[in-house]
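Per-entry structural report
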Amino acid sequence: MSALEELYQDLILDHHRHPRNRGACAACAQHARGENPLCGDSLEVGLTLDGERIATASFDGHGCAISQASASMMTEAVAGRTVEEALALGASLRALLRGEPPAGDLGDLQALEGIARFPVRIKCALLAWTTLEQALAATLGRKEASP
Ligand code: ZN
């Protein structure tokens, strides 16, 4: 298996070919746009919240296979989780991609592990998560304001 084939594992390829939750989200209250100029990746993430919980997550955009597959995987991973859980999951993925042991169970996101060996691709894989964090920032701001 070549390094590139190893990087583009089946699960990543599947998300790239059949992206989940893709499309502009008119109903989403939380939106953010993220860019990775190094690669030309561009993503928009839309969320609907149900109290503390992320009810739905969607993405739209264009870019390399890793950025799009990672965004598709992100939308599936965070739907139904609380904001805190989603942020913790993002932190665990960051640790994994730095070659550190992740703090929590990553589920399908573990498939992105191979990207740790391709530093130039780490930004591609994390773009969906940094954009998610931006989309949640307004919500977090409100929470920090109350004791
Ligand atoms: Zn990329």
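Scroll up for the structure.
Criteria and thresholds
- Residues numbered from 1 in each chain as written.
- Predicted model: local features only at pLDDT ≥ 70, side-chain atom pairs only at ≥ 80, totals over all residues.
- Heavy atoms only, no water.
- Disulfide = S-S within 2.5 Å.
- Buried < 20%, exposed > 50% of the residue type's maximum accessible area, 1.4 Å probe, protein only.
- Axes fitted to C-alpha atoms, helices over the stretch in contact; angles between N-to-C directions.
- Helix = DSSP H or I, 4+ residues; strand = E, 2+ residues; numbered from the N terminus.
- Parallel < 35°, antiparallel > 145°, perpendicular 65-115°, else oblique.
- Contact = heavy atoms within 4.5 Å.

Our next topic: the state of the cysteines. In total, this model carries one disulfide according to the counting rule given. Shown here is the disulfide that connects Cys25 with Cys28, its sulfur atoms set 1.9 Å apart. Here the disulfide of Cys25 and Cys28 is right-handed, its torsion about the S-S bond being about 85 degrees. As far as burial versus exposure is concerned, Cys25 and Cys28 are alike and both buried.

A few words now on the packing of helix H2 (residues 10-17) against helix H3 (residues 65-78). Relative to each other, H2 and H3 sit at 90 degrees, their axes nearing to 8 Å. When the axis of H2 is compared with that of H3, the two are roughly perpendicular. Contacts from Leu11, Ile12, His15 and His16 in H2 reach Ala65, Ile66, Gln68, Ala69, Ser72, Met73 and Glu76 in H3.

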